[in-house]
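# Observations on the model geometry
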Amino acid sequence: MAPALSATTTTTAVAAVKILLVDDQPGRLLTYRAILEPLGEDLVDARSGMEALKLLMEDEYAVILLDVNMPVMDGFETATLIHQHPRFENTPIIFVTAVNLSDLDRLRGYKLGAVDYVMVPVIPEIMRTKVSVLAELYRKRRELQVANASLEAAHRELEQEKANELERLNASLRAANSELELRNRDLLIENKERTRAERQLREADQRKDEFLATLAHELRNPLAPLQNALAVRRLRAPDDHDPLLSMMERQLSLLVRMIEDLLDIARITRGKLTLRRASTVLQDVIGAAVDTARPLIDQGGHTLALHLPDEPIALDADHARLAQVFANLLNNAAKYSDPDGRIELGAALEDGLVHVWVSDRGIGLTTEQMETVFEMFRQVDTTVERSRGGLGIGLTLVQRLTEMHGGRVEVHSDGPGHGSTFRVHLPCGGATDAAQPAAPTVRDATSVSRRVLVVDDNHDAADTLAMMVRLLGHETRAVYDPLSVETEVAGFAPEIVFLDVGMPGRSGYDVARALRDAHGDTLVIVAVTGWGQPEDRQRTLQAGFDHHLVKPPDIQAIMDICSKGLRPLAEDASQ
């Protein structure tokens with residue numbers, strides 16, 4: 001965010017602006033600081049281009065002092081990435097270099113958005129002058145924005161006053177018809193506003209769906225090689241009972257499920273969330289919830305005390321969704337507790353019901369807040385010193401998911417400063433020997449060995465998927481360049497092609513069409529993509545794909561395709 005601007009700023013009390021100092025040499029950063037600290041600005045250090053980009057995503061800077069010669073990503077590359085982002089395309093950059101630059105190098109820097117150069121050894125007065133001028137220009141620009149906003153508000157007020165005066169004059173001239181005309185005008189305005197609001201709602205809903213689909217796609221891409229790698233470990237040692245491997249499989253499964261929850265947000269208000277019920281054990285559900293909430297609890301320095309029965313409590317429930325309920329309650333307790341607080345989670349079985357409670361000694365709730373705490377987008381305390389972010393849907397999900405399990409949730413607090421207790425009441429059921437989640441099991445595949453080609457520009461995703469298919473007993477090759485697929489197919493003659501859809505230079509759709517035109521139905525072509533909406537599946541079908549798997553792909557679906565050949569695309573499993 002930009003530094004706050006005060007309407008009463010004077011020459012003796014000027015709001016400091018942020019200046020980003022980027023250099024891989026700590027000694028030079030100290031030199032820049034020593035030179036620029038007399039300016040009284042807020043100086044922020046970055047020791048690489050990547051660190052500078054990360055800092056820019058978190059805040060706004062008046063000027064960037066950027067070293068040209070840095071390892072991995074030099075100043076020119078960093079400047080290119082900075083100015084490609086719409087937020088920073090006008091951020092001034094001063095390049096610092098110890099090498100005499102040619103005119104072409106200088107021209108290149110100016111094209112990338114540089115406003116000036118500083119040579120090493122640095123002359124302090126010159127550097128201070130250049131930076132102070134840009135900082136002052138930044139301040140003046142922000143002050144101008146505030147002034148423009150004030151002028152716009154004054155203009156609106158003036159226009160409103162003129163409109164009111166004109167309305168009064170018209171009313172006096174139209175005496176008998178004024179009331180009718182005012183009513184007609186109100187109806188027209190209301191109808192126009194309703195039309196505009198409906199259009200905005202449709203546009204907002206479309207943008208939301210596009211955003212959620214894009215977000216899910218981007219999150220699924222890095223998950224694919226992780227799940228593939230775990231599947232490879234499991235295939236290599238199917239009898240391995242390593243608790244760390246099981247924990248990683250469990251947590252990755254929950255993470256994939258949370259990504260699916262992003263796509264379910266739009267369905268919350270319509271009540272279309274569905275549960276995947278199975279026999280499970282309450283203690284296992286709570287264990288998964290604690291694993292999920294542990295980072296936030298540890299971050300606040302909180303102590304978590306568990307009070308659980310020794311005997312397993314059986315439930316007929318959606319393990320991941322119910323774990324989400326308790327994880328949200330633990331996260332809520334951690335967010336609204338003072339540092340080093342104490343959080344308690346307990347459970348008991350009584351009168352055929354399972355009672356689970358989460359208590360904290362945090363900020364507490366008023367009577368009014370207890371009545372509204374489960375409402376969508378409602379956050380109890382949004383003050384800066386306590387704010388931890390969030391959309392305000394966590395407790396709404398707790399209530400909805402609990403009710404979908406046939407239970408109810410309630411909250412109690414003795415008032416502000418006395419903490420809160422959330423109680424979840426659920427029906428018990430299922431077999432007491434249920435274990436959830438167990439390590440994934442893989443059904444035996446046919447012994448027929450096939451030739452399989454994996455195409456993905458992400459080397460990690462391609463290599464891990466190829467390794468997993470190879471361990472399933474098939475001859476496998478991996479290709480990273482979509483332009484070389486036809487050559488590889490001609491030489492390798494695969495029976496099955498696992499093909500990434502989103503690749504630079506040439507999309508998977510184009511590759512699939514080319515393969516289908518050249519080889520007809522002799523190839524089984526499988527789309528492996530982060531896009532999983534119905535329209536995405538329809539597009540892959542039209543491009544000639546036989547199957548559509550959403551990243552990270554399920555190992556059983558891969559085994560079925562390799563062993564059974566073609567299946568209708570609509571039956572494909574997706575995570």
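Rules of the game
- Residues numbered from 1 in each chain as written.
- Predicted model: local features only at pLDDT ≥ 70, side-chain atom pairs only at ≥ 80, totals over all residues.
- Heavy atoms only, no water.
- Helix = DSSP H or I, 4+ residues; strand = E, 2+ residues; numbered from the N terminus.
- Buried < 20%, exposed > 50% of the residue type's maximum accessible area, 1.4 Å probe, protein only.
- Contact = heavy atoms within 4.5 Å.
- Areas by Shrake-Rupley, 256 points an atom, 1.4 Å probe, with all protein chains shown as cover.
- Pairing = 2+ DSSP bridges.
- Axes fitted to C-alpha atoms, helices over the stretch in contact; angles between N-to-C directions.
- Arc of directions from axis to C-beta.

## Here we look at the overall build of the chain
- Check the secondary structure of the chain and you find 16 helices and 17 strands.
- Counting all 575 residues of the chain, 42% fall into the buried class.
- In the chain, 67% of the contacts between residues at least 6 apart in sequence involve partners at least 24 apart.
- Just so you have it, the chain exposes about 30500 Å², and 53% of that area is on carbon and sulfur atoms.

## A look at the sheet that holds strand 12 (residues 420-427)
- If you walk across this open sheet you meet the 5 strands as 7-9-10-12-11, and the pairing is mixed. Lying at the two open borders of the sheet, with one neighbouring strand each, are strand 7 (303-307) and strand 11 (408-412). Averaged over neighbouring strand pairs, the angle between their axes works out to 15° when direction is ignored.
- Relative to strand 9 (residues 342-350), strand 7 runs parallel, the two being bridged by 5 bridges. Within strand 9, the residue paired with leucine 304 across the bridge is isoleucine 343.

## Quick word on the sheet that holds strand 16 (residues 524-529)
- The strand order across the open sheet built from 5 strands is 14-13-15-16-17, with neighbouring strands paired in parallel fashion. Whereas interior strands pair on both sides, the edge strands pair on one side only; in this sheet they are strand 14 (475-479) and strand 17 (547-550). Direction aside, neighbouring strands of the sheet carry axes that sit 20° apart on average.
- When strand 13 (residues 451-455) meets strand 14, the two strands line up parallel, connected through 5 bridges. By the bridge assignment, arginine 451 is partnered in strand 14 with glutamate 475.
- Strands strand 13, strand 14 and strand 15 (496-500) of the sheet are contacted by helix 12 (residues 459-471), whose axis makes an angle of about 175° with strand 14.
- Taken strand by strand, helix 13 (residues 485-492) contacts strand 13 and strand 14, and its axis lies near 170° from that of strand 13.

## Let's talk about helix 1 (residues 26-36)
- Taken residue by residue, helix 1 has Arg28, Leu29, Tyr32, Ile35 and Leu36 as its buried positions. When helix 1 is viewed along its axis, its buried side chains cluster within an angular range of 125° and face the same direction. Across helix 1 from its buried face, at more than 90 degrees, point the exposed residues Leu30 and Ala34.
- The inward-facing, buried residues of helix 1 abut strand 1 (18-22), strand 2 (42-46), strand 3 (63-67), strand 4 (93-97) and helix 5 (124-173).

## Considerations on unusual backbone geometry
- That bond from valine 120 to proline 121 is cis: its omega, 10°, falls within 30 degrees of zero.
- Turning to its location among the elements, proline 121 is positioned in the loop between strand 5 (114-119) and helix 5.
- Here lysine 551 and proline 552 are connected by a cis peptide whose omega angle stands at -10°.
- Within the fold, proline 552 resides in the loop between strand 17 and helix 16 (555-564).
- Phi at aspartate 351 is positive, roughly 55°, even though this residue is not glycine.
- Note that aspartate 351 resides in the loop between strand 9 and strand 10 (353-360).

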